[in-house]
Structures are given as C-alpha cells and as structure tokens.
Amino acid sequence: MTTTSRGYAALAGITAAAVAIGAAEPVAVLTGARSAPLIAVGGLVVDIVPAPLKQFAIALFGTYDKIALLVGTALLLAAFAALLGVLAARRLWAGLAGIAAFAALGVAAALTRAGANVLDALPSLVGAALGALALWLLLAGPLQPELWSWSPPVAPERAPEPVAPEAAPEPVAADEAREPVPAGGAEVDPEGRRRFLTGVGTLLGVAAVAGVGGHWLAGRRGVSAARQAVALPTPSAAAPAVPAGADLSLAQLAPYVTPNSGFYRIDTALVVPQVDPATWRLRIHGRVRREIELSFADLLARPMVERYVTLACVSNEVGGDLIGNARWLGVPIKELLDEVEPEEGADQVVGRSVDGWTCGTPTAVLRDGRDALLAVGMNGEPLPVEHGFPVRMVVPGLYGYVSACKWVTELELTSFADFDAYWVPRGWSAQGPIKTESRIDTPRSRNRLTAGPVMVAGVAWAQHRGIRKVEVRVDGGPWREATLAPTVSVDTWVQWSWRWDATPGEHTLQVRATDADGVTQTAERRPVEPDGATGWHAVEVTVR
Ligand SMILES: Nc1nc2c(c(=O)[nH]1)N[C@H]1C(S)=C(S)[C@@H](COP(=O)(O)O)O[C@H]1N2
Ligand SMILES: [Mo]
C-alpha cells in the first residue's frame, strides 16, 4: 500500500467513525442523551478510571474535566478509526470486525449506566450499522477510489516518465520503494479520487447534520421549560438578611453570595440528568419503620426554610475555587427522617441520584438540628439543572461528596458498615467533615503592587463551627489579626481583610484561620485525597 492510498484509507476510517457517532445522535433523542456512544463510553471511563487519574484530570482541567474527557475520547476514537481504515483497505472484514468491537463497547457502556434498559443499545447499534455501510461504500463499494492493492486494475500500466538526467532524484518513501506498485499505479485515477472525496465530504456533512441536529433535539427534550414553570413557595422561615458589610465588594474578592452562573460545578455526569418534576419521586426507605414516597408537589406543599449555606468540594486544593455560597430553599431533612423513624443502628443515609451516583451522610448529622435541606431553590430560583434540578441535598459542614446529592431520588437508611457510597471504594474517606480553611483572594500571586497601603482580603470557612479569627503574615513574620466581616451564620464562609503597608520588593503573604472551637488551621500540607487538603494559602507579589 502506498502512502497516498494509506491516507485515503485512514480518511475512510475516520469518515465511517464520524457517520457512526453522528447517526447515533438522532437515535439518542429517543433513548436519552446518556445512551449516545461517546457519552456512554465516557461515562463508563469516568466510573472505572482510577481515582488518582480522575483527581489529576480535575486538577488539570478543573470544571472542564468533562470536556477534556470527551475531546480526548473523540481524538482516541479518530486515531483508532484511521488505523481501522488502513486495515480495512486490505481486508474489509477486519474493518467491519473493528466496527463490531466498537459497537459492542458502546452497547456494553450504555447498558451498564444506572437505570438503563435494552433500548439504550440502539444508538450504538444503529451508528455501527451505518458506519459499516459508510466504510464499505468508501473502500469496496461504489465510492472506492480503486487504489487498493486488491481492487481490479483500472488503467494499463504506464511506462515510467523519462527522467531528465540533471533533475535531482525524487525522494522515495521507504515502503513505496519496497512494495510493488499495485495495478492501476500509485497515482489515483482523478475520476475515482473525485468520487471518493465527494463521498467523504457528503458523508461527513450528513454525519455532522445528524450529530448536531440530534444533539440539539435531545437538548430541546430537556427540562428547562419544566424548570421555568416551577413556582417556588414562600419560605415559612426566611433566610436571615445578609448583614451590611458582609460583602466587602473588592475587586478579585469572591462575592459573599455566589451567583448561580458562577457557582462551581462538580459531578460525574457527562450529560446533565434531565429530571422531569412531574414524574420525580423521592423514596425514603431501607432501615426505617415507615417508608415514605414523595412527589415534587408533595415536597413543595411542605413548610420550607431558606438558608445560606457554603458548599465546598473535597477536591478543592488550598487556595482553590471549588467552593461557593448560596441561599438554598428546601425542606429540612430532619423532619422527613423523623417521619420514617430510622431503626437503631441505621447510622448512614445514602442519597442516590437518578444517574446512580451515591453519597453517604451520617444519620446523626442530618438529625442534629442543623439546616440540612432537601433543596429545590438556589438564590431565589429553582435549582439550575446542572446543580441538581429538581431536588438536591445540602448539608452544612460536610463536603459535597458525602452530602450534596444532586438529582436525588432516594434516601436509603443503612449503615456505614453495610454500604460504601460512590467515592469510598475509589479511595476517599467515608466521613467528610469540612476542614477549617482560608484563602487570599486579593492580591493574587504575581500581582504587581505599588508601595503603600494595600488591602489584603479573602474568605475563610469552617461550616457549622464558624470562624473565630483570621491571621495574615508577610514573609514569615509575625501573624497579624485580620478584620472579619459580619456573616449570616456559622454555616457560611466569611470575608476578611487586612491593611498592609507594602514596601518595595518581593513578598509572600500567608493566611490561616481559627474556627470557633479554637482550633487553628494546620500548616501541614496534605493532598485533597482522601478527605480534603490542608495547609496555608500563600501568594507571592512584587511591590514597586
Ligand atoms: N448526582 C450527583 N450529585 C453530586 C455529585 C455527583 O457526582 N453526582 N458530586 C458531589 C460533589 S463531589 C460536590 S462537591 C457537589 C457539588 O455541587 P455543585 O456542582 O452544585 O457545586 O455535588 C455533589 N453531588
Ligand atoms: Mo466534591
């Protein structure tokens, strides 16, 4: 095979893959976006990939880790498809077998997603069938450019062009020199080439239209209309007003209340679950005396409280931004647990999402009187779909991975001895109380400042314990106490500020917080795994 024909074969393989992926999308409109092959395989990868690799992806790509995964999967698929095309040009059956293997992977991935049914195999099967058809059309069918070694000769062997003696010899690729030139010559018959490339272009166009159109249609089947139709009830216990001065409103400083659009998002869902509130149910069951099941209307009919709670991710590095503060509206989980009457020893409540993700929360924490909520509202709106619409859990004082189940559909009373939630077998601690932490928001590292007074400010948090003190120091000097802004409650972060008389030179600023129990944030640097990072945040600045 020549380099040219190998290029054409690779192009045919990539085109067939594009047809397969594109054709699967309109089918996934019927079966759900999660059953589309790329998403299903990506979801499988998310679930089986080793935890350190996942943490690496989160660290590297932050909240773009999903896009990175999908782009990576697509590039890998394209590489395999190119290889498959080259194989198929020699033996078509090898290419078709390769497509069948990919179809099997897609089907297996789609069928192992939580709540999957047999129909979820359809997108991969239809995609694979049409991909195989495309491969045949391009390599062996009416669109083939007739340059494969086994294709029938189309042109009589031409005499070699006479080479002018003064011309430099053409460099010849090693394999071209070794392999006999197939009948028909290494040159592509221009008619065949036009037919092939037109075919490739048309198929890629059809794949793109099917893929983009199908994806768009699937999106329209989403729940954003149902979300807009939700009328949130007035809380029977309103959130306390945010005290004047809680927000210092400094440039670079995180606002006291995080807007929904800027709220960090972390979850394992490659496509955001679309849960229709009309069919949503919450089952509270397991080791209880009285199992209950609630509809969305049942939930909305209950007395609701509104509370500010700061949510934090266990994967947040020291100085990181996987933390946000919002006003949540919801039903106290304690009241629901009182109704079901958990059995003695049922020390864990497992929140289960529609996509099968689980978290395990201590029953005692949910019943100790703190504002643990089954939330339906976030900052005065129904929950944004990516933040768990229609219902999620919010528990002050615990990291999200053990408490903040989005798209929640089940609360199961069990014990820590009997059940490991999603992240536990992946190396994370079963217990996840939030660690006392603080962050410098302004100035930022590498900021250039002018000598004189500089406002140093940031946030500190120790949800449900509260922050007593924040201290700052320059270049390892004495700790200086910062001013704490007022805050709504011990369940939220607090802004702090300290006026620094900056002198010219390179300086390092450090911060540490002390919680209301009197415990000062440890200097010991520990990684996020298994139960949250520790250490002091530092920024390095230049003052002129
Ligand atoms: N269904 C579901 N809920 C989930 C997760 C998830 O992967 N799936 N991740 C949890 C984690 S690790 C965190 S930190 C919070 C983040 O909530 P947010 O995306 O609304 O900020 O959601 C939690 N709830
Ligand atoms: Mo998290």
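Residues numbered from 1 in each chain as written. Chains lettered and ligands numbered in written order. Predicted model: local features only at pLDDT ≥ 70, side-chain atom pairs only at ≥ 80, totals over all residues. Heavy atoms only, no water.

An unreviewed UniProt entry lists the chain under the name Molybdopterin-binding oxidoreductase, from Micromonospora sicca.

S.K.: I'm lost on the nonpolar core in this one. Help?
M.R.: Where a protein is soluble and globular, its nonpolar side chains tend to be buried together. By size, the foremost hydrophobic cluster in this structure holds 86 residues, and its most contacted members are Trp328 and Leu374. Apart from the residues within four sequence positions on either side, Leu374 is in contact with Leu282, Leu299, Leu329, Gly330, Val331, Ile333, Leu336, Val391, Arg392, Met393 and Val408. Within the second largest apolar cluster, 26 residues are counted, among which are Ala16, Ala88, Ala128 and Leu143. (Core = buried A, V, L, I, M, F, W, Y, C linked by side-chain atoms within 4.5 Å. Buried < 20%, exposed > 50% of the residue type's maximum accessible area, 1.4 Å probe, protein only. Contact = heavy atoms within 4.5 Å.)

S.K.: I'm lost on empty space enclosed by the protein in this one. Help?
M.R.: In this approach, a probe sized like a water molecule rolls over the atoms, and the result shows the empty space that is left. Applying the stated criterion to the full structure yields three cavities of 30 Å³ or more. Taken as a whole, the largest cavity encloses approximately 100 Å³ of empty space. Asn316, Tyr399, Glu437, Trp461 and Ala533 are the residues nearest the centre of the largest cavity, which is lined by 14 residues in total. Looking at side-chain class alone, the lining of the largest cavity contains seven nonpolar, four polar and three charged residues. Considered as a void within the structure, the second largest cavity measures approximately 40 Å³ in volume. Along its surface, the second largest cavity is lined by Gln348, Gly360, Tyr401, Val402, Ala421, Trp423, Val424, Ser429 and Ala430. Of the residues contributing to the lining of the second largest cavity, the split by class is six nonpolar, three polar and no charged. (1 Å grid on protein atoms, 1.4 Å probe; cavity = no way out; pocket = protein on both sides within 12 Å on 5 of 7 lines; lining within 4 Å. Points joined across faces, edges and corners; volume = space filled by probe spheres on them. Nonpolar A, V, L, I, M, F, W, Y, C, P; charged D, E, K, R; others polar.)

S.K.: How should I be thinking about the packing of helix 2 (residues 37-48) against helix 4 (residues 65-90) in this particular structure?
M.R.: The packing of two helices is summarised by the inter-axis angle and the distance between the axes. In contact at an axis separation of 10 Å, helix 2 and helix 4 are set at 115 degrees when each is read in the N-to-C sense. Put simply, helix 2 runs roughly perpendicular to helix 4. Every pair of crossing elements has a handedness; the one defined by helix 2 and helix 4 is right-handed. The residues of helix 4 that touch helix 2, namely those facing Leu38, Ile39, Gly42, Val45 and Val46, are Leu69, Leu70, Thr73, Ala74 and Leu77. By residue class, the composition of the contact of helix 2 with helix 4 is eight nonpolar, two polar and no charged. (Axes fitted to C-alpha atoms, helices over the stretch in contact; angles between N-to-C directions. Helix = DSSP H or I, 4+ residues; strand = E, 2+ residues; numbered from the N terminus. Parallel < 35°, antiparallel > 145°, perpendicular 65-115°, else oblique. Left-handed = near helix turned anticlockwise from the far one by under 90°.)

S.K.: Hey, could you run me through the environment of Cys359 in this one?
M.R.: Here Cys359 shows up in strand 6 (residues 358-362). Sequence separation between Cys359 and Leu411 is 52 residues, and the spatial gap between their C-alpha atoms is 9.7 Å. Apart from residues no more than four positions distant in its own chain, Cys359 is found in contact with Val349, Val350, Gly351, Met393, Tyr401, Val402, Ser403, Ala404, Cys405 and Ala421.

S.K.: How do you make sense of the sheet that holds strand 19 (residues 537-543) when you look at a structure like this?
M.R.: One key point about sheets: their strands pair by backbone hydrogen bonds, in either a parallel or an antiparallel sense. Strand order in the open sheet made by the five strands is 12-19-18-14-15, with mixed pairing throughout. At either end of the open sheet lies a strand with only one pairing partner, and these are strand 12 (448-449) and strand 15 (480-481). Looking at chain direction, strand 18 (residues 505-515) and strand 19 are connected through seven bridges and run antiparallel. Bridging from a neighbouring strand, Glu506 pairs with Thr542 of strand 19. (Pairing = 2+ DSSP bridges.)

S.K.: So what exactly am I meant to see when it comes to the site of ligand 1 here?
M.R.: Around ligand 1, the structure places 19 residues, and the nearest of them are Tyr264, Thr268, His387, Arg392 and Lys406. With respect to ligand 1, the backbone of Ile266 contributes an N or O atom lying 3.0 Å from an oxygen atom. Within the complex, 98% of the 520 Å² of free accessible area of ligand 1 lies under protein. (Near = heavy atom within 4 Å. Polar contact = N/O pair within 3.5 Å; in protein donor to acceptor, adjacent residues only side chain to side chain. Areas by Shrake-Rupley, 256 points an atom, 1.4 Å probe, with all protein chains shown as cover.)

S.K.: Please clarify how unusual backbone geometry should be interpreted in this entry.
M.R.: Comment: phi is negative for the bulk of residues other than glycine, and the bulk of peptide bonds are trans. Pro390 follows Phe389 through a cis peptide bond whose omega is 5 degrees. Residue placement: Pro390 occurs in the loop between strand 8 (381-382) and strand 9 (392-394). Along the chain, Glu529 connects to Pro530 via a cis peptide bond; the corresponding omega equals 10 degrees. On the secondary structure map, Pro530 appears in the loop between strand 18 and strand 19. Of note in this structure, Arg446 is not a glycine but carries a positive phi near 70 degrees. On the basis of relative accessibility, which here comes to 72%, the residue Arg446 falls in the exposed class. You will see that Asp475, though not glycine, has its phi angle at about 50 degrees, which is positive. Position of Asp475 among the secondary structure elements: in the loop between strand 14 (467-474) and strand 15.

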